[in-house]
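Notes for the structure review
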Amino acid sequence: MNQKITDSVVYIGVDDKTIDLFESQYVVPNGVSYNSYLIEDEKIAVMDSVDARKTAEWIENLETALQGKAPDYLVVLHMEPDHAGSVQVLAEKYPEMKLVGNAKTFMMMQQFFTMDLTDRIVTVKEGDTLSLGSRTLTFVFAPMVHWPEVMVAYDSKDKILFSADGFGKFGALDTDEDWICESRRYYFNIVGKYGMQVQALLKKTAAFDIQKICPLHGPVLTENLGYYLDKYSTWSSYTPEDDGVLIAYASIHGHTAKAAKKMAEILKAKGAKKVVLIDLARDDMSKAIEDAFRYDKLLLAGASYNAEVFPCMESFLLHLKGKNYQNRTVGMIENGTWAPSAAKCMKEIVGKMKNIRLCDTVVTIRSAMKETDLPEMEALADEILGK
Ligand SMILES: Cc1cc2nc3c(=O)[nH]c(=O)nc-3n(C[C@H](O)[C@H](O)[C@H](O)COP(=O)(O)O)c2cc1C
Ligand SMILES: [Fe+2]
Ligand SMILES: [Fe+2]
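Every chain begins its residue count from 1, and numbering advances along the sequence as written. Chains carry letters and ligands carry numbers; both start at the beginning, A for chains and 1 for ligands, and go up in the order they are written. Since the coordinates come from a predicted model, pLDDT governs what is reported: local features require at least 70, and pairs of side-chain atoms require 80 or more to be given and counted, while whole-chain, interface and lining totals use all residues. The basis for every side-chain value is the complete set of non-hydrogen atoms in the structure, without hydrogens or water.

1. Some remarks on the coordination of the iron ion (ligand 3)
Spelled out, the test is: Donor criterion used throughout: N, O or S atom within 2.8 Å of the metal, extended to 3.2 Å for Na, K and Ca. Water excluded; incomplete-looking sites may result. Every angle between 85 and 135 degrees makes a four-donor site tetrahedral, while opposite donors more than 155 degrees apart, with all other angles between 65 and 115, make a four-donor site square planar and a six-donor site octahedral; other sites are irregular. The helix count covers DSSP runs of H or I at least four residues long, the strand count covers runs of E at least two residues long, and both are numbered beginning at the N terminus. The rule is simple: take the accessible area with a 1.4 Å probe, protein chains only, and divide by the maximum for that residue type; under 20% is buried, over 50% is exposed, in between is partly exposed.
Those protein atoms acting as donors to the iron ion (ligand 3) are Asp82 (OD), His83 (NE2), Asp165 (OD) and His217 (NE2), and they sit at 2.1 to 2.3 Å. Note that the iron ion (ligand 3) binds 4 donor atoms; their angles at the metal cover 83 to 169°, and the shape is irregular. Between consecutive donors of the iron ion (ligand 3), the numbers of intervening residues give the motif D-H-x81-D-x51-H. Between the iron ion (ligand 3) and the iron ion (ligand 2), the interatomic distance is 3.4 Å, and Asp165 donates to each metal, bridging them. Taken together, the residues span a long stretch of sequence, with His83 in helix H2 (residues 81-84) and His217 in the loop between strand E16 (212-214) and helix H7 (225-236) at a distance of 134 residues. Accessibility classification places His83 together with His217 in one group, the buried group.

2. Considering the nonpolar core
The condition that has to hold: Buried residues of nine kinds, namely Ala, Val, Leu, Ile, Met, Phe, Trp, Tyr and Cys, make up a nonpolar core once their side-chain atoms join them within 4.5 Å.
Grouped together as the largest cluster of nonpolar side chains are 117 residues, with contacts concentrated most on Met109, Phe139, Phe162, Leu300, Phe316 and Leu320. In terms of residues, this core owes the most to one element, helix H5 (residues 179-191), which gives 7 residues. Counting 23 residues, the second largest nonpolar core, distinct from the first, contains Ala259, Ile266, Ala272 and Leu380.

3. Quick word on the site of ligand 1
We count it as follows: Residues are labelled near a given molecule or strand when at least one of their non-hydrogen atoms is within 4 Å of it. Pairs of N or O atoms within 3.5 Å make up the polar contacts considered here, provided that, within protein, one atom can donate a hydrogen while the other can accept it, and that residues adjacent in sequence are counted only when both atoms are side-chain atoms.
Around ligand 1, the surrounding shell holds 18 residues, and the nearest of these are Ser251, His255, Thr256, Ser304 and Ala307. Separating an oxygen atom of ligand 1 from a backbone N or O atom of Ala307 is a distance of 2.6 Å. The separation between an oxygen atom of ligand 1 and a polar main-chain atom of Pro340 is 3.4 Å. If you list the elements that add at least two residues to the shell around ligand 1, you get helix H8 (255-269), strand E19 (295-305) and strand E21 (326-336).

4. A closer look at unusual backbone geometry
With the exception of glycine, most residues fall at negative phi, and the peptide bonds are largely trans. Residue His146 follows Val145 across a cis peptide bond; omega there is 5°. Among the secondary structure elements, His146 is positioned in the loop between strand E13 (136-141) and strand E14 (151-155). In this model, Ala307 sits at a positive phi of 65°, which is unusual for a non-glycine residue. Checked against the element boundaries, Ala307 lands in the loop between E19 and strand E20 (308-309). Under the relative-accessibility criterion, Ala307 is labelled exposed at 65%.

5. A word on the coordination of the iron ion (ligand 2)
For the iron ion (ligand 2), the protein coordination sphere consists of His78 (NE2), Glu80 (OE), His146 (NE2) and Asp165 (OD), at 1.9 to 2.2 Å. Donor residues for the iron ion (ligand 2) sit on one chain with the sequence pattern H-x1-E-x65-H-x18-D.

The following block contains the structure:
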């Protein structure tokens, strides 16, 4: 549903509550929004399109907002199909409309679509401006946040930062939930690898007086912007956000799970501020990744499996490594019945991560946890808590 952001900027995006997995990977229990905005000035600009799943609904929103007028520009900040999926349809509907992007945007546009771009494009470079009349849009490039062509745009009149996927959140717009959890899960899973690039973007946009942030997913941010910028600064610098332990376990028949749960009790008894348990075989992987980045300590409990580690643990660690997981304390419990191999396998992956304090104590459980395992588990708890 259309909503006014300012007198001349209207939200014309759409909610998608039927998609099974966002990017074929992430569960979105409350759906996701594909945001798009209309700026009405002397010139009319559409800010990004939407996923092809929702083209018709978006065009309807756009027509309602336009009231018979035609847009002068479609600004394309990001070419990923969840935003650029309806570009060609709009370009064909309004043959006079110009497409605004950078050289990489148009390279991708020609790869995704068949339309003829001759005489239709306005190519911008870093720092270029586009006048819409009473305002200009300034384009700031955000390479690899999280695609190479990404840029953000600053509206000088309404002091809006159109932030592309930055500051995005899972969840349709009518979802009643806090911003933080679903934004963190979104950030680390989708942008997590590119902390340095996000830092560079934050530095560049610090020059602007930003009153509102209009992202491509999730709510428009209008108040207390320091809070969101602070979170992005923490996340992109790989600084742990909260003091706590994520215990991530991979258990086949339940014995490793039991040891993980016992470990949670021990850690709590020793004063751990927060302990979170995740069953890697059953719980959502993207949530596990979110929590691994959220807390400063990670305890891995893995069953040995065919001379390696149970695959959901390996998959979790490879995901973390791929997202540049770093700057944390990691402890390990392994389980094995005849030749425990889990710890070696986990260490191989964790050893390739940057700035990890790996606990010396590695607990090896033989099939099922016994009283005799407790002293070592206590020692591991002390070590991970830095006692
Ligand atoms: C298919 C399969 C492969 C296994 N491979 C190994 C192995 O290579 N080395 C080992 O010591 N234990 C191996 N185990 C035993 C498990 O690591 C584990 O000790 C046992 O299943 C108890 O823990 P759990 O209840 O958490 O699964 C294997 C178990 C299964 C079911
Ligand atoms: Fe994207
Ligand atoms: Fe997106």
